[in-house]
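Structural characterization, general
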Amino acid sequence: MKIKDSVVIITGGASGIGRIMGRMALEKGAKGVAVWDINEQNLDKVVKDHSAIGKTKGYKVDVSDYDAVRAAYEATVADFGPVDILINNAGVVTTNNTFDKNTKLDIDLTITINTIAPMYVALVMLPDMIARDRGHICNITSAAGLLANPRMSVYAASKWAAMGWSDSVWIELKERKSHVGVTTFAPYFINTGMFDGVKSWFFPILKPERAAARVLRAIERRKRFQGMPFAFRFARLMQGLLPMRWADWIFGELFGIYHAMDHFTGRKN
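Now for a quick tour of the structure.

What counts as what
Residues numbered from 1 in each chain as written. Predicted model: local features only at pLDDT ≥ 70, side-chain atom pairs only at ≥ 80, totals over all residues. Heavy atoms only, no water. Helix = DSSP H or I, 4+ residues; strand = E, 2+ residues; numbered from the N terminus. Rg over C-alpha atoms; globule rule 2.2 N^0.38 Å. Buried < 20%, exposed > 50% of the residue type's maximum accessible area, 1.4 Å probe, protein only. Areas by Shrake-Rupley, 256 points an atom, 1.4 Å probe, with all protein chains shown as cover. Lys, Arg positive; Asp, Glu negative; His and termini not counted. Charge placed at Lys NZ, Arg CZ, Asp CG, Glu CD. Core = buried A, V, L, I, M, F, W, Y, C linked by side-chain atoms within 4.5 Å. Contact = heavy atoms within 4.5 Å. Phe/Tyr/Trp six-rings, centres within 6.5 Å; stacked < 30°, edge-to-face > 60°. Lys NZ or Arg CZ within 6 Å of the ring centre and 35° of its normal. Axes fitted to C-alpha atoms, helices over the stretch in contact; angles between N-to-C directions. Parallel < 35°, antiparallel > 145°, perpendicular 65-115°, else oblique. Left-handed = near helix turned anticlockwise from the far one by under 90°. Nonpolar A, V, L, I, M, F, W, Y, C, P; charged D, E, K, R; others polar. Pairing = 2+ DSSP bridges. Polar contact = N/O pair within 3.5 Å; in protein donor to acceptor, adjacent residues only side chain to side chain.

**Observations concerning the overall build of the protein chain**
Scanning the protein chain from terminus to terminus reveals eight helices and seven strands. Taken against the 2.2 N^0.38 rule, which gives 18 Å for 269 residues, the C-alpha radius of gyration of the protein chain at 18 Å falls within 12% of a compact globule. Each of the three principal axes of the protein chain carries a C-alpha extent, and together these read 55 × 40 × 35 Å. Put simply, the protein chain has 269 residues, and 51% of those count as buried. Carbon and sulfur atoms form 56% of the exposed surface of the protein chain, whose accessible area is close to 12,700 Å². Put simply, the protein chain has 35 plus and 26 minus side-chain charges, and the middle of one group is 7 Å from the middle of the other.

**Some remarks on the nonpolar core**
Core analysis: the biggest nonpolar cluster contains 57 residues, and Ile87, Phe195 and Ile219 have the highest contact counts within it. No other element matches helix α1 (residues 16–27), which puts six residues into this core. Each residue touching Phe195, except ones within four places of it in the same chain, is listed here: Val93, Met152, Tyr155, Phe189, Met261 and Phe264. Membership of the second largest hydrophobic core comes to 29 residues, among which are Val69, Ile137, Trp165 and Val182.

**Section: the packing of aromatic side chains**
For the structure shown, the criterion picks out eleven aromatic pairs. When the ring of Phe202 is compared with that of Phe203, the centres are 5.0 Å apart and the planes differ by 80 degrees; the resulting orientation is edge-to-face. According to the relative accessible area criterion, Phe203 is buried, its value standing at 9%. Taken together through their ring pairs, the aromatic side chains of Tyr155, Tyr188, Phe189, Phe195, Phe202, Phe203, Phe251, Phe255 and Phe264 make up a single cluster. The aromatic ring of Phe80 is capped on one face by Lys55, whose charged end is 4.8 Å from the ring centroid.

**Side note on the packing of helix α3 (residues 66–80) against helix α4 (residues 104–132)**
Between α3 and α4, whose axes approach to 8 Å, the crossing angle comes to 40 degrees. In terms of axis orientation, α3 runs oblique to α4. Read as a crossing pair, α3 and α4 show a hand that is right-handed. Contacts from Tyr66, Val69, Arg70 and Tyr73 in α3 reach Tyr120, Val121, Leu123, Val124, Met125 and Asp128 in α4. For the contact of α3 with α4, the residue count by class is eight nonpolar, no polar and two charged.

**Digging into the sheet that holds strand β5 (residues 136–140)**
Pairing within the open sheet is parallel, and its seven strands lie in the order β3-β2-β1-β4-β5-β6-β7. The strands lining the two open edges of the sheet, one partner per strand, are β3 (56–60) and β7 (225–228). This sheet shows a mean twist of 15 degrees between the axes of neighbouring strands, independent of strand direction. In this structure, strand β2 (residues 32–37) lies alongside β3, joined through five bridges in parallel fashion. Considered in β3, the bridge of Val33 is made with Thr56. Packed on one face of the sheet, α3 meets β1 (7–11), β2 and β3 and runs near 160 degrees to β2.

**Some details on the environment of Thr94**
Mapped onto the secondary structure, Thr94 falls in the loop between β4 (85–88) and α4. Residue Thr94 is classed as partly exposed on the basis of its relative accessible area of 31%. Along the primary structure Thr94 and Ser64 are separated by 30 residues, whereas in three dimensions their C-alpha atoms are 16 Å apart. Once residues within four sequence positions are removed from consideration, Thr94 is found in contact with Asp106, Leu109 and Thr110. A polar contact is formed between the side chain of Thr94 and the side chain of Asp106, at a distance of 3.4 Å.

**Focus: unusual backbone geometry**
Residues Met228 and Pro229 are joined by a peptide bond in cis, for which omega reads 0 degrees. Along the chain, Pro229 falls in the loop between β7 and α7 (235–241). In this structure, Asp133 is a non-glycine residue whose phi angle is positive, near 55 degrees. Summarising the element assignment, Asp133 is placed in the loop between α4 and β5.

Next comes the structure, spelled out in structure tokens:
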């Protein structure tokens, strides 16, 4: 699915890799980029910056509100025409507490934004893509959906669910021989501020520009799944082949992944 001449919607597009992907999409010749975000101040700045490259418009959207999502989609189509590419990028992580110290708000917010909201957004757009037999949806999940990690149990749950849903939709579209594609993108920690305080001494924390470029390349190549870094894709294979206590030692102590969240702070704002 070529970015050039396509209308692109990016949720959570006013910060992190969402902001970078919007800029890169315009540099690739996108017909227009609709930036969906709940942070109005960030939206204004991003739209101002992106508009110097190509057609951009910001929409303040709470993606956890289905009616707001539908209204924003209708407004986007009115402004840009049919949507070709959706990048479900909005996400949250609330705490590094063990599960017993999570609150109901932590659970509700994390599952709603990371799991339910991408479904809402795809649900309002997919029927039009299927009718046109053109389009692509990219769901930004996480390597936490491949390997459970302590101190992020609710986040991991939200991403495991998102990955299962995303891949299931890919299979459904393939079975109906649709030209609409779905990509599941599962990165390790990205240095955007969302995971400030995370320590990783084996797998390097990913650079935002590189991660954003990999997402767009995966869309253009219509890839079903893209993990990052590549070696992380072998996590489940190792769990399947090795005794679980060995796998826990390798991931937890040798690679240090089970301790990555020990000093997590997250974004201050």
